[in-house]
Amino acid sequence: MAFHTRALLGACAVAALCVPATAETITIATVNNGDMIRMQGLTKDFTEKTGHDVEWVTLEENVLRQRVTQDIAAKGGQFDIMTIGMYETPIWGKQNWLVSLNDMPDSYDVDDILPAMRGGLSVDGTLYAAPFYGESSMIMYRTDLMEKAGLEMPDAPTWEFVADAARKMTDKDNEIYGICLRGKAGWGENMAFLTATSNAFGARWFDEDWKPQFDSPEWKETLSFYIDLMNEAGPPGASTNGFNENLSLFQQGKCGMWIDATVAASFVTNPADSTVADKVGFALAPDTGLGKRGNWLWAWALAIPAGTQKEAAAKEFINWATSKDYLELVAAEEGWANVPPGTRTSLYENPEYQKVPFAKMTLDSINSADPTAPTVKPVPYIGVQFVAIPEFAGIATQVGQEFSAALAGQQSVDEALAKAQTLTAEEMEAAGY
Amino acid sequence: MARAVTPRRKTINTLAAWAIGLLIFFPILWTILTSFKTEAQAISDPPVFLFFDWTLENYAVVQERSDYMRFLWNSVIIAGGSTLLGIVIGVPAAWSMAFVPSKRTKDILMWMLSTKMLPAVGVLYPIYLLFIKLGLLDTRVGLTLVLMLINLPIIIWMLYTYFKEIPGEILEAARMDGATLKEEILYILTPMAVPGIASTLLLNIILAWNEAFWTLNLTAAKAAPLTAFIASYSSPEGLFYAKLSAASTMAIAPILILGWFSQKQLVRGLTFGAVK
């Protein structure tokens, strides 16, 4: 009997040693975007290589943002990896809420990450989140309508040219609108577009002393230009249009131009969903000759919350999901057009990827945005289409509501700017700036 | 004296009732129809109603991507468990308020209802922190408890209203015959109140099934019910309306079927005390 017990215990010990000592199940919170869903489908490759299992929590972007913020602030420990953006990373990094990723292995080749992305996801030289995919904004336009208007889109157009082209392309009787832009209120909706556009017009959110600048002539010019253009050449009800509404309009052939996230390029050129897939051209977001373009910079990145019990396994996952090998895995399984864009220099040097029609314009757009010097005049903040301070999301959503109301014709540009100035000044004062 | 209803009036009333019924049901019908369209058809303008190429592709994609049965099982346990627990606590509570009221019974009832007037987000952080301390985050036990507490005022109110309709003399007679309190509630009151308890049960299962604030905020991967399953198909960057509709249809189908089969009890429960 004693022998049997000893034998059984011995067998158990051997069996325990055979199982990888570090095999873990990690929980990852992520968004419902095409690239993320593709990653979920390929997770078995990670499990085969490391022995770790993955549990996914997929949520809508705004729900995810609230959910992970709540968990990290309360130290809930629900997630081992969180999908966060360029807005949260520097704020959370400064609070020491995230694990540093400076010790990734040499094979990870951190220097290969696009400098704009690395800069936006670091605090004082420490990388706190690894970019999974990056995006900027650019012009997507109908080549046939541009030709019909007798114009040729330059690679780097001015706002003057874009406005002129939009008016000439507009044919309201046939429901064709020269330009579709975001109007729905929200810091990540109309304010992402308008903040980036204001950079091209020489405007800024705050001066060096954190004083709001909505009373400046540059903001008045930005907002007046946008509202006049949308009234003349935009679709009806534009004040409720966000990314999805404009995507729908463009895919149905109702927009001459659409300035939005570079990730939209793969949607509008997909013949299964888009009626104009073979008539789409791309150009950089417009400027006004002041040296800054109106394109934003964003990355969905993977970060590890401080305090997770599974830091080593989480790092292994990030090493897998944001590596060069992962890009090749996606290319092999789903083709180069479906590789997550905008993260690594080597991807854009790959001759196969260079054949993808929107690859070059995506890279040029990303490279022309500088989150550390986003505006013509100096500013005390980081961020192109946002200001990386915790108060920004709340303030910008309120400002976005004022601007959206102005676009809907419920108030004048002057009234919207005056309200924006007052509410921003009050909120910033209350926050101690 | 009852007023005579002319056939013409009856026809008009019937048509109006059908029109209102269809109007209320239309969003659900549209969701179901959209789930059988392609993504391009789902956003087409003008919208297509019935004449399109029906496809099951969205259901196949959703099935492949998500473990539907796990979400469904969590929903069944959380909604069913919280309701049963609520009934177990609610029956004695409603009995005492209906048959042995004190001076403060009405106040207690109002106070219980007033807890429903506080926006849930107001107590999110205290509950979240409590859940961390108690190790209840992302557990079915934790969610069952929270949903039971949220729905308890409604359960007690519904049972109280129904118990008030039962003549107290019957319970008194049982007491005279020597029934203990437990026997009185279990063998006299409960059998008489079965229809009321059944409709309370059904309504609360529906409320718990559809609850989408706590179920999203207190779960992650393990205890997430069907509300989280739907949320995982919503996207502000990308037109996935057909897949979202397929996920929604799969999530509401069980409770919709349950609702259809138990219409009579539900209507009865909701109109307790409406006619004296």
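Residues numbered from 1 in each chain as written. Chains lettered and ligands numbered in written order. Predicted model: local features only at pLDDT ≥ 70, side-chain atom pairs only at ≥ 80, totals over all residues.

Draft legend 1. Main features of the overall build of chain A. In terms of regular secondary structure, chain A is built from 19 helices and ten strands. Computed over the C-alpha atoms, the radius of gyration of chain A is 24 Å, within 12% of the 22 Å expected from 2.2 N^0.38 for a compact globule of 433 residues. Overall size of chain A, expressed as C-alpha extent along the three principal axes, is 90 × 50 × 35 Å. Burial statistics for chain A: of 433 residues in total, 51% are counted as buried. Sequence separation of 24 or more characterises 74% of the internal contacts of chain A that already satisfy a separation of 6 or more. (Helix = DSSP H or I, 4+ residues; strand = E, 2+ residues; numbered from the N terminus. Rg over C-alpha atoms; globule rule 2.2 N^0.38 Å. Buried ≥ 20, exposed ≤ 12 C-beta atoms within 10 Å, placed from the backbone. Contact = placed C-beta atoms within 7 Å.)

Draft legend 2. Broad picture of the interface of chain A and chain B. Counting residues at the interface gives 29 residues for chain A, matched by 24 residues for chain B. When grouped by side-chain class, the residues that make up the side of chain A that touches chain B number twelve nonpolar, twelve polar and five charged. (Nonpolar A, V, L, I, M, F, W, Y, C, P; charged D, E, K, R; others polar.)

Draft legend 3. A look at helix 14 (residues 324-334) of chain A. Residues and elements named next belong to chain A. For helix 14, the full list of buried residues reads Tyr 326, Leu 327 and Val 330. Within helix 14, the buried residues cover an arc of 105° as seen down the axis, which keeps them to one side. Looking at the buried positions of helix 14, the neighbouring elements they touch are helix 2 (34-41), helix 13 (311-321) and helix 15 (345-349). One or two positions beyond helix 14, positive phi appears at Gly 335, with a value near 95°. (Arc of directions from axis to C-beta.)

Draft legend 4. The domain arrangement of chain A, seen in detail. All names here are of chain A. We note that the domain assignment places domain 1 (17-135 + 297-359) and domain 2 (136-296 + 371-430) within chain A. On a C-alpha basis, the centroid separation for the pair domain 1 and domain 2 is 29 Å. With 13 residues of domain 1 at the interface, the matching set in domain 2 holds 17 residues. Residue assignment for the side of domain 1 that touches domain 2 shows that the elements contributing at least two residues are helix 5 (88-94), helix 6 (115-120) and strand 10 (297-303). (Domains from an automatic or database assignment.)

Draft legend 5. Looking closely at the pairing of strand 3 (residues 81-84) of chain A. All names here are of chain A. Where burial is concerned, the two faces of strand 3 agree: the one with Ile 81 and Thr 83 and the one with Met 82 and Ile 84 are both buried. Here strand 1 (residues 25-31) runs beside strand 3; their pairing, made up of two bridges, is parallel. Bridge assignment links Ala 29 to a residue of strand 3, and that residue is Met 82. Where strand 3 meets strand 10, three bridges bridge the pair, whose relative direction is antiparallel. Across the sheet, residue Ile 84 finds its bridge partner in strand 10, namely Ala 301. (Pairing = 2+ DSSP bridges.)

Draft legend 6. Focus on the packing of helix 8 (residues 159-169) of chain A against helix 10 (residues 217-233) of chain A. Residue and element names in this part refer to chain A. Running from N to C, helix 8 and helix 10 cross one another at 20°; their axes reach a closest spacing of 9 Å. Of the possible angle classes, the one that applies to helix 8 and helix 10 is roughly parallel. As helix 8 runs across helix 10, the sense of the crossing is left-handed. Residue-level inspection shows Trp 159, Ala 163, Ala 166 and Arg 167 of helix 8 in contact with helix 10, the latter providing Phe 225, Leu 229, Glu 232 and Ala 233. (Axes fitted to C-alpha atoms, helices over the stretch in contact; angles between N-to-C directions. Parallel < 35°, antiparallel > 145°, perpendicular 65-115°, else oblique. Left-handed = near helix turned anticlockwise from the far one by under 90°.)

Draft legend 7. Main features of the nonpolar core. Judged by nonpolar contacts, the single largest core of 189 residues is most densely connected at Ile81(A), Met140(A), Met257(A), Ala301(A), Phe317(A) and Leu159(B). Taken together, domain 1 (17-135 + 297-359) and domain 2 (136-296 + 371-430) of chain A each give at least three residues to this core, which thus spans both. (Core = buried A, V, L, I, M, F, W, Y, C linked by C-beta atoms within 7 Å.)

Draft legend 8. Structural context of the confidence of the model for chain B. Residues and elements named next belong to chain B. Predicted confidence across chain B gives a mean pLDDT of 89, with 96% of residues reaching 70 or more. The weakest mean pLDDT in chain B belongs to helix 14 (residues 263-270) at 72; the strongest belongs to helix 4 (residues 68-99) at 95. Interface confidence for the predicted complex, given as ipTM, is 0.82, next to a pTM of 0.84. (pLDDT = per-residue confidence, 0-100.)

Draft legend 9. Examining the pairing of strand 6 (residues 130-142) of chain A more closely. Residue and element names in this part refer to chain A. Of all 13 residues in strand 6, 13 are buried; the element is thus mostly enclosed. With six bridges connecting them, strand 6 and strand 10 associate as antiparallel partners. Looking at strand 10, one finds that Ser 136 is bridged to Leu 297. Pairing geometry for strand 6 and strand 8 (residues 255-261), over five bridges, is antiparallel. Looking across to strand 8, one finds that Ser 137 is bridged to Ala 261. Inspection of the sheet shows strand 6 paired to strand 9 (residues 280-284) by five bridges, in the antiparallel sense.

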